[in-house]
Each structure stands twice: as C-alpha cells, then as structure tokens.
Amino acid sequence: MALTATIYKAELTVSDMDRDYYATHNLTVALHPSETESRMMLRLLAFALNAHEDLTFSRGLSNPEEPDLWQRHPNDTLAHWIELGMPDEKRLRKACGLAERVTIYCYGPRAPQVWWDSMKNKVRRFDNLTIVHVDADSEAALATCAQRAMQLQAMIQDGQVWLGTTDNNVEVVLETWYPNNAH
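Residues numbered from 1 in each chain as written. Predicted model: local features only at pLDDT ≥ 70, side-chain atom pairs only at ≥ 80, totals over all residues. Heavy atoms only, no water.

Caption draft 1: Inspection of the sheet that holds strand β5 (residues 78-84) at higher detail. Taking strand neighbours across the sheet as the criterion, the six strands line up as β3-β4-β5-β6-β7-β11 in an open arrangement whose pairing is mixed. Since the sheet does not close on itself, it has two edges, and those belong to β3 (55-57) and β11 (174-178), each with one partner. The mean angle between the axes of side-by-side strands here comes to 20 degrees, regardless of whether they run parallel or antiparallel. Where β5 meets strand β6 (residues 99-106), six bridges bridge the pair, whose relative direction is parallel. (Pairing = 2+ DSSP bridges. Helix = DSSP H or I, 4+ residues; strand = E, 2+ residues; numbered from the N terminus. Axes fitted to C-alpha atoms, helices over the stretch in contact; angles between N-to-C directions.)

Caption draft 2: Region of interest: the nonpolar core. Grouped together as the largest cluster of nonpolar side chains are 38 residues, with contacts concentrated most on Leu 12, Met 41, Leu 44 and Leu 152. The element contributing the most residues to this core is helix α1 (residues 37-49), with nine residues. Membership of the second largest hydrophobic core comes to 19 residues, among which are Leu 78, Val 123, Phe 126 and Tyr 178. (Core = buried A, V, L, I, M, F, W, Y, C linked by side-chain atoms within 4.5 Å. Buried < 20%, exposed > 50% of the residue type's maximum accessible area, 1.4 Å probe, protein only.)

Caption draft 3: How the structure looks around the sheet that holds strand β9 (residues 160-165). Taking strand neighbours across the sheet as the criterion, the five strands line up as β2-β1-β8-β9-β10 in an open arrangement whose pairing is mixed. The open sheet has two edge strands, β2 (21-31) and β10 (168-172), and neither has a second partner. Put simply, the sheet's adjacent strands are angled 20 degrees from each other on average, direction ignored. Sheet topology note: the strand β1 (residues 6-16)/β2 ladder contains 11 bridges and is antiparallel. The residue of β2 that forms the bridge with Ser 15 is Tyr 22. Running at roughly 155 degrees to β2, α1 makes contact with β1, β2, β8 (149-157), β9 and β10 of the sheet. Across the sheet, helix α4 (residues 136-143) lies against β9 and β10, angled at about 160 degrees from β10, the strand it touches most. (Contact = heavy atoms within 4.5 Å.)

Given below as structure tokens:
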C-alpha cells in the first residue's frame, strides 16, 4: 500500500518590511511521506520570504521536474523558481534557463558546505541565481512550529527573519552564499 501525503493547513501572515509586502495567505501544504516536518516548515519559510499573490507550491517531491515553489506570470512563463536542497549543476542550468529568477535554499548540518564548495565556481555564469543557506539550528527550531493547523506570522526587516506561532517564535538565520555581494 502506497503512503499518502499528510495535509497541513497554514494561515501565514507575512509582514515583509524589506519588500513592503503585507498579506495573509491561506495555504494547504502536503507533507510528502519521505519529507520531514522540518523540510515542510522550510517550504513555508521560503514562501514567506518570497511571498507574492502568484506564488504557489508545486507538486515538488511528487514530481522531480518541478521546484518546491514557483511563481508564474499570467502567460504561464516562470517568474521565479524556488527550490530547497542542493541541486546539481544540470538542474541549476535548467532552472536558470526556464525562470527569470531562481532561489535555492540549502539546509542541513554539514552537507551544504560540501555542496557549495563543489558548486561555487560552476554557478558564476548564472546571473539570475540566488543561493541562501539556512542555519541548521534555525531549521531544527522551525520544526517545533509544525502543527496540522497553523497560524504563522513571518516578520522580515533589515534582513532579519522571524517565523512563529502565537507561543513559539523562531529567529531564522540565513546567509546568502551567491551572489556573495548580497546581504
């Protein structure tokens, strides 16, 4: 018998003072059987950081051809490809060729640094790519916010990010690895 996804509901209120974006999104998030709650919360974080009325979750893990999130223009072209993990160069090339902007959120305790050391010279040709590392402690703390029905608040100001519930707030530590002149 195949395992099925677990459905989570999230009311995500985004207050992004850096982008002057303020909105509440009612989201349905499917936790894939092979996915951890921590990774699912990272997808919600990625949504908050890039929130837009046209941003949606894709089929992600259920369809390896798609990113975790994407923002499409009305003509169905890709405005933004957002992916969690450590994609290989071929996948990065595909994403950067298909979308106007590509954002990768890499996470985990040690693997991201090993991946980045092998990729940093290969990605220089992609001027529409941003790579952000999520601190491992932040990732673990986000998992504590996961509930089947969530009311989340995301506050973004001066590059600082807070995500939480009414009784649990997490400061999320992010480091932009590429381009390295970003903050």
